[in-house]
Amino acid sequence: MSEADELRQAVREFLEVTSSSRRVRDLMSTAQGYDQSVWHQMARELGLHGIAVPEQFGGAGASMSELAVVLEEMGAALLCAPFFSTVAFATQAILCSGDTAAMSDYLPGFVDGSRTATVILNGSLGAWDPHEVTLTARADGTGFRIHGDAGLVLDGHTADVILAAANTSAGTSLFAVSANSDGLTCEPLNTLDRTRKVARLQFRDVPARLIGADGDAAAGLARTSDLAIAALVAEQVGAAQRCLDMAVNYAKERIQFGRAIGSFQAVKHRCADMLVLVEGARSAAVHAAESADSSDLAVAASVAKMACSEAFLQVALDNMRIHGGIGFTWEHDAHLYVRRAKATELIFGSPDHHAQRLAALVAP
(Lines give C-alpha, C1' and ligand atoms only; values in the text may rest on other atoms or scores of the structure.)
Protein backbone atom coordinates (compact mmCIF):
# COMPACT_ATOMS: atom_id res chain seq x y z
CA MET A 1 0.00 0.00 0.00
CA SER A 2 1.39 3.40 -1.02
CA GLU A 3 1.64 6.37 1.35
CA ALA A 4 -1.26 8.03 -0.49
CA ASP A 5 -3.41 4.92 0.01
CA GLU A 6 -2.52 4.79 3.69
CA LEU A 7 -3.43 8.46 4.05
CA ARG A 8 -6.71 7.90 2.24
CA GLN A 9 -7.58 4.91 4.42
CA ALA A 10 -6.79 6.77 7.65
CA VAL A 11 -8.91 9.77 6.67
CA ARG A 12 -11.76 7.56 5.46
CA GLU A 13 -11.86 5.58 8.70
CA PHE A 14 -11.80 8.79 10.74
CA LEU A 15 -14.65 10.32 8.74
CA GLU A 16 -16.76 7.16 8.95
CA VAL A 17 -16.90 7.79 12.69
CA THR A 18 -16.98 11.60 12.82
CA SER A 19 -18.91 12.50 9.64
CA SER A 20 -21.67 9.93 9.37
CA SER A 21 -24.91 10.86 7.63
CA ARG A 22 -26.62 11.47 10.96
CA ARG A 23 -23.76 13.67 12.17
CA VAL A 24 -23.73 15.70 8.94
CA ARG A 25 -27.44 16.38 9.30
CA ASP A 26 -27.04 17.39 12.93
CA LEU A 27 -24.19 19.79 12.18
CA MET A 28 -25.65 21.41 9.09
CA SER A 29 -28.66 22.50 11.16
CA THR A 30 -26.48 24.37 13.68
CA ALA A 31 -25.32 27.97 13.37
CA GLN A 32 -21.64 27.14 13.78
CA GLY A 33 -21.79 24.22 11.38
CA TYR A 34 -18.97 22.08 12.72
CA ASP A 35 -17.73 20.17 15.77
CA GLN A 36 -14.73 21.87 17.38
CA SER A 37 -13.51 18.68 19.02
CA VAL A 38 -13.39 16.94 15.63
CA TRP A 39 -11.69 20.02 14.18
CA HIS A 40 -8.93 19.80 16.77
CA GLN A 41 -8.58 16.04 16.27
CA MET A 42 -8.03 16.54 12.54
CA ALA A 43 -5.39 19.16 13.22
CA ARG A 44 -3.51 17.76 16.19
CA GLU A 45 -3.93 13.98 15.97
CA LEU A 46 -4.11 13.41 12.22
CA GLY A 47 -2.11 16.49 11.19
CA LEU A 48 -4.43 17.15 8.25
CA HIS A 49 -4.33 20.94 8.46
CA GLY A 50 -0.60 21.12 7.88
CA ILE A 51 -0.15 18.56 5.12
CA ALA A 52 0.65 21.15 2.42
CA VAL A 53 2.36 23.67 4.73
CA PRO A 54 6.18 23.99 4.83
CA GLU A 55 7.84 22.39 7.84
CA GLN A 56 9.25 25.72 9.06
CA PHE A 57 5.69 26.83 9.82
CA GLY A 58 4.67 23.62 11.59
CA GLY A 59 3.42 21.67 8.58
CA ALA A 60 4.38 18.38 6.95
CA GLY A 61 5.82 19.94 3.82
CA ALA A 62 3.84 17.72 1.44
CA SER A 63 2.25 18.79 -1.84
CA MET A 64 -1.20 19.63 -3.16
CA SER A 65 -1.49 16.02 -4.33
CA GLU A 66 -1.50 14.76 -0.74
CA LEU A 67 -3.95 17.48 0.29
CA ALA A 68 -6.18 16.47 -2.64
CA VAL A 69 -6.38 12.92 -1.27
CA VAL A 70 -7.69 14.31 2.03
CA LEU A 71 -10.17 16.58 0.28
CA GLU A 72 -11.50 13.70 -1.83
CA GLU A 73 -12.46 11.82 1.31
CA MET A 74 -13.93 14.93 2.90
CA GLY A 75 -16.01 15.54 -0.20
CA ALA A 76 -17.26 11.97 -0.14
CA ALA A 77 -18.33 12.35 3.50
CA LEU A 78 -19.77 15.88 3.05
CA LEU A 79 -17.66 16.91 6.02
CA CYS A 80 -19.12 19.88 7.87
CA ALA A 81 -16.07 21.92 8.85
CA PRO A 82 -14.17 25.04 7.73
CA PHE A 83 -11.37 22.86 6.37
CA PHE A 84 -11.62 24.05 2.80
CA SER A 85 -11.79 27.74 3.71
CA THR A 86 -8.93 27.52 6.23
CA VAL A 87 -6.56 24.95 4.75
CA ALA A 88 -7.18 24.98 1.01
CA PHE A 89 -7.98 28.68 0.68
CA ALA A 90 -6.64 30.94 3.44
CA THR A 91 -3.43 28.99 4.02
CA GLN A 92 -2.68 29.09 0.31
CA ALA A 93 -3.42 32.83 0.17
CA ILE A 94 -0.83 33.48 2.87
CA LEU A 95 1.73 31.25 1.17
CA CYS A 96 1.13 32.89 -2.21
CA SER A 97 1.53 36.38 -0.73
CA GLY A 98 5.27 35.89 -0.24
CA ASP A 99 5.02 37.66 3.13
CA THR A 100 7.21 35.55 5.42
CA ALA A 101 6.26 37.56 8.50
CA ALA A 102 2.58 36.86 7.86
CA MET A 103 3.37 33.19 7.29
CA SER A 104 5.12 33.00 10.66
CA ASP A 105 2.28 34.83 12.41
CA TYR A 106 -0.72 33.03 10.91
CA LEU A 107 0.20 29.60 9.57
CA PRO A 108 1.10 27.89 12.89
CA GLY A 109 -2.38 28.74 14.21
CA PHE A 110 -4.02 27.39 11.08
CA VAL A 111 -1.93 24.21 11.27
CA ASP A 112 -2.66 23.41 14.93
CA GLY A 113 -6.37 24.18 14.61
CA SER A 114 -6.37 27.04 17.09
CA ARG A 115 -7.58 29.51 14.44
CA THR A 116 -9.88 29.23 11.44
CA ALA A 117 -9.80 31.51 8.44
CA THR A 118 -11.41 32.37 5.13
CA VAL A 119 -10.73 34.47 2.05
CA ILE A 120 -12.70 37.15 0.23
CA LEU A 121 -11.66 37.51 -3.39
CA ASN A 122 -14.62 39.40 -4.84
CA GLY A 123 -17.42 39.00 -2.32
CA SER A 124 -19.53 36.69 -4.48
CA LEU A 125 -17.56 33.39 -4.57
CA GLY A 126 -17.27 33.91 -8.32
CA ALA A 127 -14.26 33.56 -10.56
CA TRP A 128 -11.20 35.62 -9.70
CA ASP A 129 -11.09 38.92 -11.54
CA PRO A 130 -9.17 41.91 -10.15
CA HIS A 131 -11.79 44.18 -11.71
CA GLU A 132 -14.53 42.56 -9.61
CA VAL A 133 -13.01 43.28 -6.18
CA THR A 134 -15.76 44.85 -4.07
CA LEU A 135 -13.81 46.12 -1.05
CA THR A 136 -11.69 49.23 -0.77
CA ALA A 137 -8.96 50.10 1.74
CA ARG A 138 -7.36 53.37 2.76
CA ALA A 139 -4.29 54.17 4.80
CA ASP A 140 -5.07 55.85 8.12
CA GLY A 141 -1.59 56.74 9.33
CA THR A 142 -1.03 53.62 11.44
CA GLY A 143 -2.33 50.99 9.04
CA PHE A 144 -5.29 50.45 6.75
CA ARG A 145 -9.05 50.42 7.07
CA ILE A 146 -11.40 48.41 4.85
CA HIS A 147 -14.84 49.45 3.69
CA GLY A 148 -17.44 47.62 1.63
CA ASP A 149 -19.68 44.56 1.47
CA ALA A 150 -19.03 40.90 0.68
CA GLY A 151 -22.28 39.09 -0.01
CA LEU A 152 -21.02 35.49 0.02
CA VAL A 153 -18.10 34.40 2.19
CA LEU A 154 -17.29 30.78 3.01
CA ASP A 155 -17.48 30.25 6.80
CA GLY A 156 -17.44 34.02 7.16
CA HIS A 157 -19.32 34.08 10.46
CA THR A 158 -17.03 31.57 12.23
CA ALA A 159 -13.60 32.48 10.82
CA ASP A 160 -11.13 33.96 13.31
CA VAL A 161 -9.12 35.57 10.50
CA ILE A 162 -10.54 37.02 7.30
CA LEU A 163 -8.15 37.54 4.40
CA ALA A 164 -9.68 40.10 2.07
CA ALA A 165 -8.69 41.45 -1.32
CA ALA A 166 -9.28 45.20 -1.45
CA ASN A 167 -8.40 48.05 -3.78
CA THR A 168 -6.10 50.78 -2.52
CA SER A 169 -4.65 53.81 -4.28
CA ALA A 170 -1.76 51.54 -5.30
CA GLY A 171 -3.92 48.70 -6.70
CA THR A 172 -5.19 45.33 -5.53
CA SER A 173 -3.89 44.38 -2.10
CA LEU A 174 -4.45 41.62 0.45
CA PHE A 175 -5.37 42.32 4.05
CA ALA A 176 -5.92 40.32 7.22
CA VAL A 177 -8.82 41.25 9.48
CA SER A 178 -9.56 39.90 12.94
CA ALA A 179 -13.11 38.61 13.39
CA ASN A 180 -13.64 40.71 16.51
CA SER A 181 -12.67 43.99 14.86
CA ASP A 182 -14.86 47.06 15.31
CA GLY A 183 -16.96 47.85 12.27
CA LEU A 184 -17.21 44.25 11.05
CA THR A 185 -20.64 42.60 10.98
CA CYS A 186 -21.49 39.05 9.92
CA GLU A 187 -24.82 37.56 8.89
CA PRO A 188 -25.10 33.78 8.35
CA LEU A 189 -27.08 32.86 5.23
CA ASN A 190 -29.30 29.93 4.32
CA THR A 191 -28.00 28.62 1.00
CA LEU A 192 -28.60 25.66 -1.29
CA ASP A 193 -25.79 23.56 0.19
CA ARG A 194 -26.47 23.45 3.91
CA THR A 195 -23.36 21.39 4.63
CA ARG A 196 -21.13 24.36 3.76
CA LYS A 197 -21.73 27.57 5.69
CA VAL A 198 -21.78 30.95 3.98
CA ALA A 199 -22.19 34.44 5.45
CA ARG A 200 -22.61 38.05 4.38
CA LEU A 201 -19.92 40.40 5.76
CA GLN A 202 -19.99 44.18 6.01
CA PHE A 203 -16.85 46.25 6.55
CA ARG A 204 -17.21 49.78 7.89
CA ASP A 205 -13.70 51.23 8.21
CA VAL A 206 -12.43 48.00 9.76
CA PRO A 207 -8.76 48.03 10.83
CA ALA A 208 -6.69 45.64 8.73
CA ARG A 209 -3.14 44.39 8.39
CA LEU A 210 -1.51 44.58 4.98
CA ILE A 211 -0.24 41.20 3.74
CA GLY A 212 2.56 41.51 1.22
CA ALA A 213 3.20 44.74 -0.68
CA ASP A 214 0.53 47.38 -1.22
CA GLY A 215 -0.94 47.09 -4.71
CA ASP A 216 0.98 43.91 -5.52
CA ALA A 217 -1.49 41.14 -4.61
CA ALA A 218 -3.17 40.37 -7.95
CA ALA A 219 -0.74 37.69 -9.11
CA GLY A 220 -0.73 35.91 -5.75
CA LEU A 221 -4.52 35.99 -5.55
CA ALA A 222 -4.82 34.59 -9.08
CA ARG A 223 -2.62 31.68 -8.03
CA THR A 224 -4.59 31.32 -4.78
CA SER A 225 -7.78 31.04 -6.80
CA ASP A 226 -6.33 28.32 -9.05
CA LEU A 227 -5.07 26.36 -6.04
CA ALA A 228 -8.49 26.66 -4.42
CA ILE A 229 -10.02 25.29 -7.62
CA ALA A 230 -7.58 22.36 -7.58
CA ALA A 231 -8.71 21.65 -4.02
CA LEU A 232 -12.41 22.05 -4.81
CA VAL A 233 -12.35 19.64 -7.75
CA ALA A 234 -10.77 17.00 -5.49
CA GLU A 235 -13.80 17.37 -3.22
CA GLN A 236 -16.09 17.06 -6.24
CA VAL A 237 -14.43 13.84 -7.38
CA GLY A 238 -14.71 12.29 -3.92
CA ALA A 239 -18.39 13.19 -3.70
CA ALA A 240 -19.06 11.94 -7.24
CA GLN A 241 -17.40 8.62 -6.41
CA ARG A 242 -19.62 8.30 -3.34
CA CYS A 243 -22.71 8.95 -5.49
CA LEU A 244 -21.60 6.24 -7.91
CA ASP A 245 -21.05 3.79 -5.06
CA MET A 246 -24.47 4.60 -3.60
CA ALA A 247 -26.15 4.06 -6.97
CA VAL A 248 -24.40 0.75 -7.71
CA ASN A 249 -25.08 -0.64 -4.23
CA TYR A 250 -28.76 0.29 -4.46
CA ALA A 251 -29.03 -1.20 -7.96
CA LYS A 252 -27.71 -4.51 -6.58
CA GLU A 253 -30.13 -4.53 -3.62
CA ARG A 254 -33.38 -3.12 -5.04
CA ILE A 255 -35.61 -5.90 -6.32
CA GLN A 256 -38.26 -5.18 -8.94
CA PHE A 257 -40.22 -7.71 -10.97
CA GLY A 258 -38.29 -10.41 -9.17
CA ARG A 259 -34.86 -9.10 -10.25
CA ALA A 260 -32.30 -6.63 -8.97
CA ILE A 261 -32.76 -3.39 -10.91
CA GLY A 262 -29.03 -3.45 -11.66
CA SER A 263 -29.73 -6.30 -14.09
CA PHE A 264 -31.89 -4.04 -16.27
CA GLN A 265 -30.06 -2.71 -19.30
CA ALA A 266 -31.10 0.92 -18.79
CA VAL A 267 -29.76 0.94 -15.23
CA LYS A 268 -26.55 -0.84 -16.22
CA HIS A 269 -25.92 1.70 -18.98
CA ARG A 270 -26.56 4.61 -16.64
CA CYS A 271 -24.14 3.25 -14.05
CA ALA A 272 -21.53 2.69 -16.77
CA ASP A 273 -21.93 6.27 -17.94
CA MET A 274 -21.54 7.46 -14.35
CA LEU A 275 -18.30 5.50 -14.03
CA VAL A 276 -16.89 7.06 -17.20
CA LEU A 277 -17.73 10.55 -15.91
CA VAL A 278 -16.14 9.91 -12.51
CA GLU A 279 -12.94 8.48 -13.93
CA GLY A 280 -12.59 11.31 -16.44
CA ALA A 281 -13.11 13.85 -13.67
CA ARG A 282 -10.58 12.07 -11.48
CA SER A 283 -7.92 12.30 -14.18
CA ALA A 284 -8.51 16.04 -14.56
CA ALA A 285 -8.45 16.60 -10.78
CA VAL A 286 -5.24 14.61 -10.31
CA HIS A 287 -3.57 16.59 -13.09
CA ALA A 288 -4.65 19.88 -11.50
CA ALA A 289 -3.16 18.86 -8.15
CA GLU A 290 0.06 17.70 -9.79
CA SER A 291 0.29 21.01 -11.67
CA ALA A 292 0.17 23.09 -8.48
CA ASP A 293 3.81 24.09 -8.74
CA SER A 294 4.00 24.38 -12.52
CA SER A 295 3.23 27.05 -15.10
CA ASP A 296 0.35 24.86 -16.33
CA LEU A 297 -1.72 25.40 -13.17
CA ALA A 298 -4.18 27.89 -14.68
CA VAL A 299 -4.96 25.67 -17.66
CA ALA A 300 -5.17 22.51 -15.52
CA ALA A 301 -7.44 24.24 -13.00
CA SER A 302 -9.90 25.42 -15.64
CA VAL A 303 -9.97 22.03 -17.36
CA ALA A 304 -10.61 20.32 -14.03
CA LYS A 305 -13.29 22.79 -12.98
CA MET A 306 -15.17 22.16 -16.23
CA ALA A 307 -14.84 18.38 -16.14
CA CYS A 308 -15.43 17.83 -12.43
CA SER A 309 -18.35 20.25 -12.08
CA GLU A 310 -20.23 18.70 -14.98
CA ALA A 311 -19.43 15.15 -13.93
CA PHE A 312 -20.38 15.62 -10.27
CA LEU A 313 -23.72 17.25 -11.06
CA GLN A 314 -24.66 14.59 -13.62
CA VAL A 315 -23.61 11.70 -11.38
CA ALA A 316 -25.41 13.18 -8.36
CA LEU A 317 -28.61 13.54 -10.40
CA ASP A 318 -28.30 10.02 -11.82
CA ASN A 319 -27.79 8.65 -8.32
CA MET A 320 -31.02 10.31 -7.26
CA ARG A 321 -32.85 8.92 -10.31
CA ILE A 322 -31.61 5.37 -9.76
CA HIS A 323 -32.93 5.53 -6.21
CA GLY A 324 -36.34 6.42 -7.60
CA GLY A 325 -38.91 8.16 -5.41
CA ILE A 326 -36.96 7.68 -2.19
CA GLY A 327 -33.98 9.52 -3.69
CA PHE A 328 -36.02 12.70 -3.94
CA THR A 329 -37.01 12.77 -0.27
CA TRP A 330 -35.42 14.88 2.45
CA GLU A 331 -34.70 11.72 4.46
CA HIS A 332 -32.34 10.31 1.81
CA ASP A 333 -28.78 11.65 1.38
CA ALA A 334 -28.92 11.72 -2.43
CA HIS A 335 -30.31 15.25 -2.47
CA LEU A 336 -27.49 16.49 -0.22
CA TYR A 337 -25.01 15.54 -2.93
CA VAL A 338 -27.13 17.20 -5.62
CA ARG A 339 -27.11 20.40 -3.56
CA ARG A 340 -23.34 20.21 -3.06
CA ALA A 341 -22.87 19.50 -6.78
CA LYS A 342 -24.87 22.53 -7.89
CA ALA A 343 -23.21 24.84 -5.37
CA THR A 344 -19.67 23.77 -6.24
CA GLU A 345 -20.45 24.03 -9.94
CA LEU A 346 -20.85 27.78 -9.48
CA ILE A 347 -18.11 28.52 -6.92
CA PHE A 348 -14.99 30.10 -8.49
CA GLY A 349 -16.64 30.26 -11.90
CA SER A 350 -19.10 28.12 -13.84
CA PRO A 351 -18.02 25.57 -16.45
CA ASP A 352 -18.97 28.10 -19.15
CA HIS A 353 -16.70 30.70 -17.59
CA HIS A 354 -13.79 28.27 -17.47
CA ALA A 355 -14.39 27.20 -21.07
CA GLN A 356 -13.99 30.84 -22.10
CA ARG A 357 -11.00 31.27 -19.82
CA LEU A 358 -9.37 28.15 -21.22
CA ALA A 359 -9.85 29.40 -24.76
CA ALA A 360 -8.11 32.64 -23.83
CA LEU A 361 -5.26 30.82 -22.05
CA VAL A 362 -4.43 28.52 -24.95
CA ALA A 363 -5.02 31.03 -27.74
CA PRO A 364 -1.84 31.71 -29.80
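Residues numbered from 1 in each chain as written. Predicted model: local features only at pLDDT ≥ 70, side-chain atom pairs only at ≥ 80, totals over all residues. Heavy atoms only, no water.

### A short note on the domain arrangement of the protein
Stage number 1. Considered domain by domain, the protein is made up of domain 1 (3–81), domain 2 (117–216) and domain 3 (219–362).
Stage number 2. Using only C-alpha atoms to locate each centre, domain 1 and domain 3 end up separated by 20 Å.
Stage number 3. Contact with domain 1, which involves 13 residues of that partner, is made by 20 residues of domain 3.
Stage number 4. Both faces combined, the contact of domain 1 with domain 3 buries some 1,500 Å², and carbon together with sulfur accounts for 61% of it.
Stage number 5. By the criterion of area lost to domain 3, the three top residues of domain 1 are Arg25, Met64 and Leu78, representing 39% of everything that side buries.
Stage number 6. Counting across the domain 1 and domain 3 interface gives two salt bridges.
Stage number 7. As a salt-bridge pair, arginine 25 and aspartate 333 come within 3.0 Å of each other at their nearest N and O atoms. (Domains from an automatic or database assignment. Contact = heavy atoms within 4.5 Å. Buried area = accessible area lost by both parts, 1.4 Å probe. Salt bridge = Lys/Arg side-chain N within 4 Å of Asp/Glu carboxyl O.)

### Quick look at the pattern of salt bridges
Stage number 1. Following the criterion strictly, the structure yields 20 salt bridges and no others.
Stage number 2. Ionic pairing is found between arginine 196 and glutamate 235, a salt bridge with its closest N-O pair at 2.6 Å. With arginine 196 in the loop between strand S6 (184–189) and strand S7 (198–211) and glutamate 235 in helix H7 (residues 218–253), the pair connects residues that are 39 residues apart, well separated along the chain.
Stage number 3. Judged by its relative accessible area of 11%, arginine 196 is buried.
Stage number 4. The residue aspartate 318 makes a salt bridge to arginine 270 at a minimum N-O spacing of 3.7 Å. One end of the pair, aspartate 318, is in helix H9 (residues 297–322); the other, arginine 270, is in helix H8 (residues 265–290), and 48 residues separate them in sequence.
Stage number 5. Relative accessible area serves as the criterion here: at 6%, aspartate 318 is assigned to the buried category. (Helix = DSSP H or I, 4+ residues; strand = E, 2+ residues; numbered from the N terminus. Buried < 20%, exposed > 50% of the residue type's maximum accessible area, 1.4 Å probe, protein only.)

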